[in-house]
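# Close look at the chain arrangement
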Amino acid sequence: MKLTKQQISQHEAAKKILTKDSLTMDDKWFVYENYLPGYNNQIGKIASFFTPVGLAQEFFLHVGGKRLIDLCAGIGVLSFVKYHFSHHKPEITCIERCQEFVDVGRKLLPEATWICGDVFDESLIKSLGTFDCVYANPPFGNIKSDKDCTWLGYTGSIAEYKVIAVGKHLSGNGTFIVPQT
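Overview of the structure. Sequence order as written defines residue numbering, which begins from 1 separately in each chain. This being a predicted model, a pLDDT of at least 70 is required before a residue's local features are given, and a value of 80 or more before pairs of side-chain atoms are given or counted; all residues contribute to the totals for chains, interfaces and linings. In computing side-chain values, all of the structure's heavy atoms are included and hydrogens and water are not.

From N to C terminus, the chain includes 8 helices and 5 strands. Every helix listed is a DSSP run of H or I at least four residues long, and every strand listed is a run of E at least two residues long, numbered separately from the N terminus. When the helices and strands of the chain are placed in sequence order, the string is α-α-α-α-β-α-β-α-β-α-β-α-β. Exposure categories follow from relative accessible area, calculated using a 1.4 Å probe and restricted to protein chains: below 20% of the type maximum is buried, above 50% is exposed, and the middle band is partly exposed. Out of the 181 residues belonging to the chain, those deemed buried represent 48%. If you take every contact in the chain between residues at least 6 apart in sequence, the share linking residues at least 24 apart comes to 64%. Only the protein chains shown count as covering a residue, and every accessible area follows the Shrake-Rupley method with a 1.4 Å probe. For the chain, the exposed surface amounts to about 9,800 Å²; the carbon and sulfur share of it is 52%. When checking whether two residues touch, look at their non-hydrogen atoms; a contact exists if any pair is within 4.5 Å.

Next comes the structure, spelled out in structure tokens:
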């Protein structure tokens, strides 16, 4: 998808906000609404997308518990909404493989534990213990994964199904955003 001049300008403004020592809630919302994943590597084009803020606000109602984990967290909008709109602040762990996104996420949601790692890494996942609920908006579409995840009981190659299998390993409760076809 080719970006408009306004989208590029808003992304640059979001990056500038991230250089501040301290961010207001308005700053954080602006970044969640305007920071574009992978922009720097694609020179004005974008091929992946974060969860829209409006969808995250509806989604958090389906996530419950005290100890939560966000797989494929991106910059953490699902966790941010869950944390800031919950009456009782949950303990949240976010896993994301892109270091840039982890760095942004830590700035926007320092209350969470951020792990830069692959959700298909058996030793990482087995080291985490169990959670009250797992949630994710995993990469989906025509995305194949050649990672061996037979330890999860799923032998296919579809990435979003592998993420769901990881979630099943971590919790008996899960909520995932996956498209219906």
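Assignment of secondary structure puts C98 in the loop between β2 (91–96) and α6 (99–108). With 17 residues separating them along the chain, C98 and I115 place their C-alpha atoms 9.9 Å apart.

This part is about the pairing of strand β4 (residues 133–136). Remember that side chains alternate between the two faces of the sheet whenever the strand is regular. The alternating pattern of β4 places C133 and Y135 and V134 and A136 on opposite faces, both of which are buried. When DSSP finds two or more bridges between two strands, those strands count as paired. The pairing of strand β1 (residues 67–71) with β4 spans 4 bridges and is classified as parallel. In the strand pairing of β4, D70 is matched with Y135. With 3 bridges joining them, β4 and strand β5 (residues 174–176) adopt parallel strand pairing. Each bridged residue has a counterpart across the sheet, and for Y135 the counterpart in β5 is T175.

Paired through their backbone hydrogen bonds, the strands of a sheet run either parallel or antiparallel. Reading across from one edge, β3-β2-β1-β4-β5 is the order of the 5 strands in this open sheet, with parallel pairing throughout. With one partner strand each, in any of the chains shown, β3 (113–116) and β5 form the two edges of the open sheet. The mean inter-strand angle of the sheet, taken between neighbouring strand axes irrespective of direction, is 15 degrees. Sheet topology places β2 next to β3; 4 bridges connect them, and they run parallel. Along β3, the bridge assignment pairs I95 with I115. Packed onto the sheet, helix α8 (residues 159–170) meets β1, β4 and β5 and runs at close to 165 degrees relative to β1. Interaxial angle, 0 to 180 degrees, is taken between N-to-C directions of lines fitted to C-alpha atoms, where a helix line uses only the stretch in contact.

Turning next to unusual backbone geometry. You will see that C72, though not glycine, has its phi angle at about 55 degrees, which is positive. Position of C72 among the secondary structure elements: in the loop between β1 and α5 (77–85).

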